[in-house]
Amino acid sequence: MGEKGRCCVDQEWLDGVYEKLLVKMKAECERVGTMIPYTPREGKYHDLDVFGGSIGFWTNGFWPGMLWQMYEATGDEAYKKAAEGVEERMDAILHGFEGVDHDAGFLFLLSAVADYRKTGNNDSRRRGLFAANLLAGRYNPVGKFIRAWNDGMLDAVKKDEGPEIEKESVFAGNGMSGGMIIDCMMNIPLLYWASSVTGDPRFAHIAFSHAKTAQQYIVREDGSCNHIVFFNPQTGEFVDNPGGQGFQKGSSWSRGQSWAVYGFALSYRHTKDESFLNTAKKCAHYCISNLAVADWLPLVDYRAPEEPLKYDSTAGMITACGLLELAEHVGEHEKKLYTKAAFRILRACDARFANWDPKVDSIMDGGTFFYHDPTGENTEVPIIYADYYLIEAVLRLKGKALFTW
Ligand code: GLY
């Protein structure tokens, strides 16, 4: 071990980052409060400054998630108060439930369910269960998958505002009802949680079945992943796996890879099915080998052309958390391997992309929403979930994180 300190972590770096986090998040919490941020403009967050300004946009749970993490680490009531305020605002999502898609997991695990886990608040439990029922209701029992997007996404794809999906594969006339995506591996923990609190195994059965389908149709032999799979929603037959937010069909979108590492590790945690652990490891090894040859900085797609060089810090932060989750389920040797790799990614992204100035909103620059970005506005910019996963990773390493998945 070249680094100082515990296991394979540079303790001096970790303590330094933690101190900066305390200062930065305190200042942000005072400025942002119950607003729901996504990306800053001229260094300042604005409320619901997301695509369409929608309260139901998939990233809106990350700010309350950051607040709950900071509350867990510090006990500072200001974080709790702001998180509770955001959670109440998010009731509008449940009231307009026909707009909710599979991202009910991201939205409510990090807000209501985090609140319930930390405080035992029964209103929060009810919100979490409402969201879990919506997610479970998206399960297609013939195809054995959870439907990802609603048909509104189809309009966005047609107008070139959504992911770059080959139009003809959208979808053999089936609209969005036959689609599943790798990202959903991070939504299904809502179902595992719902089963654990209600004692009703149906939610977990759906999560397990979806994860098996993802394992079969999304993860490739070498540990790389497809982003999207389309099935015929009537028969459950496989239709296509087109390209999505990465470079092209058959390439390897790095955030999708990171959802796979973390998502399969979590399905292993919740089910103890060894095959999920092995899938998580396979995807992790693919990520680690690609990152190790790129100075531990995540490209947007591990199989895109060398030029133009485009990074995505969000993939790095999520991969780091996934590796730290994986480290909890393996023996000592592998634990060091995964912890060390997570630490390398965090340190490289910190050096390259972090802004610790407490007067400026957001920490981690260098986030990219999707590879083909005609305006460039969504390429190498600060994105809220890079900060969420950075905080989760740092607090995991400090032994101060709230388990939210
Ligand atoms: N879950 C959407 C994304 O990763 O961009």
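Refer to the structure presented above.
The paragraphs below set out a description of the structure included in this document. Predicted model only: the values in this text are computed from it and were never measured.

1. As for the overall build of the chain
Across its full length, the chain carries 14 helices and five strands. The C-alpha atoms of the chain give a radius of gyration of 20 Å, which matches the 22 Å a tight globule of 405 residues would have. Considering only C-alpha atoms, the chain reaches an extent of 55 × 45 × 45 Å along its principal axes. Relative to its 405 residues, the chain shows a buried fraction of 61%.

2. With respect to the sheet that holds strand β4 (residues 228-231)
Taken together, three strands build an open sheet; the order of strands is β3-β4-β5 and the sheet is antiparallel. Every other strand in the sheet has two partners, leaving β3 (179-181) and β5 (238-240) as the edge strands with one partner each. Direction aside, the axes of adjacent strands within the sheet are offset by 35 degrees on average. Note that β4 and β5 share two bridges and pair antiparallel. Looking across to β5, one finds that Phe 230 is bridged to Asp 240.

3. Details of the side chain of Asp 10
Inspection of the secondary structure puts Asp 10 in the segment before α1 (11-32). A relative accessible area of 13% places Asp 10 in the buried class. Within polar-contact distance, the side chain of Asp 10 engages the backbone nitrogen of Glu 12 at 3.1 Å. Of the polar contacts made by the side chain of Asp 10, one reaches the side chain of Arg 347; its length is 3.2 Å.

4. Details of the site of the ligand
The ligand sits among Trp 58, Asp 183, Gln 245, Trp 253, Arg 255, Trp 259 and Phe 369. Between the ligand and the protein, one listed contact pairs an oxygen atom with a side-chain N or O atom of Arg 255 at 2.5 Å. Contact with the protein chains removes 95% of the 200 Å² of surface that the ligand exposes when unbound. Per-class residue counts for the shell around the ligand are four nonpolar, one polar and two charged.

5. Points about the pattern of salt bridges
Per the counting criterion, the structure on display carries 23 salt bridges. Salt-bridge contacts for Asp 200 lead to Arg 202; the nearest nitrogen and oxygen are separated by 2.8 Å. Looking at Asp 200, the relative accessible area reads 22%, which means it is partly exposed. Across the salt bridge formed by Glu 334 and Lys 281, the nearest N and O atoms sit 3.0 Å from each other. Taken as a pair, Glu 334 in helix α13 (residues 332-353) and Lys 281 in helix α11 (residues 274-292) lie far apart in primary sequence, 53 residues in all. For Glu 334, a relative accessible area of 26% gives the class partly exposed. The exposure class assigned to Lys 281 is buried, which follows from its relative accessible area of 15%.

6. Re the environment of Ser 289
Residue placement: Ser 289 occurs in helix α11. On the basis of relative accessible area, Ser 289 is assigned to the partly exposed category, the value being 40%. Here Tyr 286 takes part through its backbone oxygen, which lies 3.0 Å from a polar atom of the side chain of Ser 289.

7. A look at the pairing of β4
In β4, alternate side chains face the same way, and those of Ile 228 and Phe 230 on one face and Val 229 and Phe 231 on the other are all buried. In this sheet, β4 lies alongside β3 in antiparallel orientation, the contact comprising three bridges. Pairing of Gly 179 across the sheet is with Phe 230, part of β4.

8. Examining empty space enclosed by the protein
For the structure on display, the rule yields two cavities of 30 Å³ or more. Taken as a whole, the largest cavity encloses approximately 70 Å³ of empty space. Every residue lining the largest cavity is counted, 15 residues in all, and those nearest its centre are His 227, Gly 243, Gly 244, Gln 248 and Ser 251. Class assignment of the residues belonging to the lining of the largest cavity gives a composition of four nonpolar, nine polar and two charged.

9. Details of helix α5 (residues 104-119)
Its 16 residues place the ends of α5 21 Å apart at the C-alpha level, agreeing with the 22 Å of an ideal helix rising 1.5 Å per residue. In α5, a bend of some 35 degrees at Leu 110 exceeds every other bend along the element. In terms of burial, α5 is largely enclosed, as twelve of its 16 residues are buried. Buried within α5 we find Ala 104, Gly 105, Phe 106, Leu 107, Phe 108, Leu 109, Leu 110, Ser 111, Ala 112, Val 113, Ala 114 and Asp 115.

10. A short note on unusual backbone geometry
The phi angle of most residues is negative, glycine excepted, and most peptide bonds adopt the trans form. Cis geometry marks the peptide bond from Glu 307 to Pro 308; its omega dihedral reads -5 degrees. Within the secondary structure, Pro 308 is located in the loop between α11 and α12 (313-327). Phi at Lys 272 takes a positive value of approximately 65 degrees, unusual for a residue other than glycine. Secondary-structure assignment places Lys 272 in the loop between α10 (254-271) and α11. The backbone phi angle of Trp 296 is positive, close to 70 degrees, even though this residue is not glycine.

11. Describing the environment of Leu 337
With respect to the helices and strands, the residue Leu 337 is situated in helix α13. Residue Leu 337 is classed as partly exposed on the basis of its relative accessible area of 41%. The sequence separation of Leu 337 and Ser 54 amounts to 283 residues, and the corresponding C-alpha distance is 41 Å.

12. Re helix α3 (residues 77-89)
Each α-helix winds once per 3.6 residues, and so residues spaced three or four apart point in a common direction. Its 13 residues place the ends of α3 19 Å apart at the C-alpha level, agreeing with the 18 Å of an ideal helix rising 1.5 Å per residue. On its buried face, α3 sits against α1, α2 (62-74), α4 (91-95), α5 and α6 (122-136). For α3, the N-terminal cap is Asp 76; the gap from its side-chain oxygen to the backbone nitrogen of Ala 78 is 2.9 Å.

Basis of the calculations
All residue numbers refer to positions counted from 1 along the written sequence of the respective chain. pLDDT decides what is reported in this predicted model: residues at 70 or higher carry local features, side-chain atom pairs at 80 or more are listed and counted, and totals for whole chains, interfaces and linings draw on all residues regardless. Hydrogens are left out, water is left out, and the side-chain values use all remaining heavy atoms of the structure. The way it works is that DSSP assigns letters per residue, a run of H or I at least four long becomes a helix, a run of E at least two long becomes a strand, and they are numbered from the N terminus. Every radius of gyration here is taken over C-alpha atoms, with the globule rule written as 2.2 Å times N^0.38, N being the number of residues. Burial classification: accessible surface area is computed with a 1.4 Å probe over protein chains only, and a residue below 20% of its type maximum counts as buried, one above 50% as exposed, and the rest as partly exposed. One requirement defines pairing of two strands: DSSP has to find at least two bridges between them. The axes are straight lines fitted to the C-alpha atoms, using for helices just the contacting stretch, and the angles between their N-to-C directions are given from 0 to 180°. Whenever a nitrogen or oxygen atom comes within 3.5 Å of another N or O atom, the pair is scored as a polar contact, on the condition that within protein one atom can donate a hydrogen and the other can accept it, and that pairs from neighbouring residues in sequence are kept only if both atoms are in side chains. Any residue with a heavy atom lying within 4 Å of a molecule or strand is counted as near it. Here the accessible surface of atoms and residues is derived via Shrake-Rupley with a 1.4 Å probe, and residues count as covered only by protein chains that are part of the display. Gly falls in the polar group here, along with every residue not listed as nonpolar (Ala, Val, Leu, Ile, Met, Phe, Trp, Tyr, Cys, Pro) or charged (Asp, Glu, Lys, Arg). Here, a salt bridge means any Lys or Arg side-chain nitrogen found within 4 Å of an Asp or Glu carboxyl oxygen. Both cavities and pockets are sets of points on a 1 Å grid over the protein atoms alone; in a cavity a 1.4 Å probe fits but cannot get out, in a pocket the set is open with protein on both sides within 12 Å along at least five of seven lines, and lining residues sit with an atom within 4 Å of a point. Grid points are joined across faces, edges and corners, and a volume is the space filled by probe spheres set on the points. Expected helix span is given by 1.5 Å per residue-to-residue step, counting one fewer step than there are residues. The quantity called bend is, for any residue, the angle between two axes fitted respectively to the seven residues ending at it and the seven beginning at it. Contacts are assigned to residue pairs that have any heavy atoms within 4.5 Å of one another.

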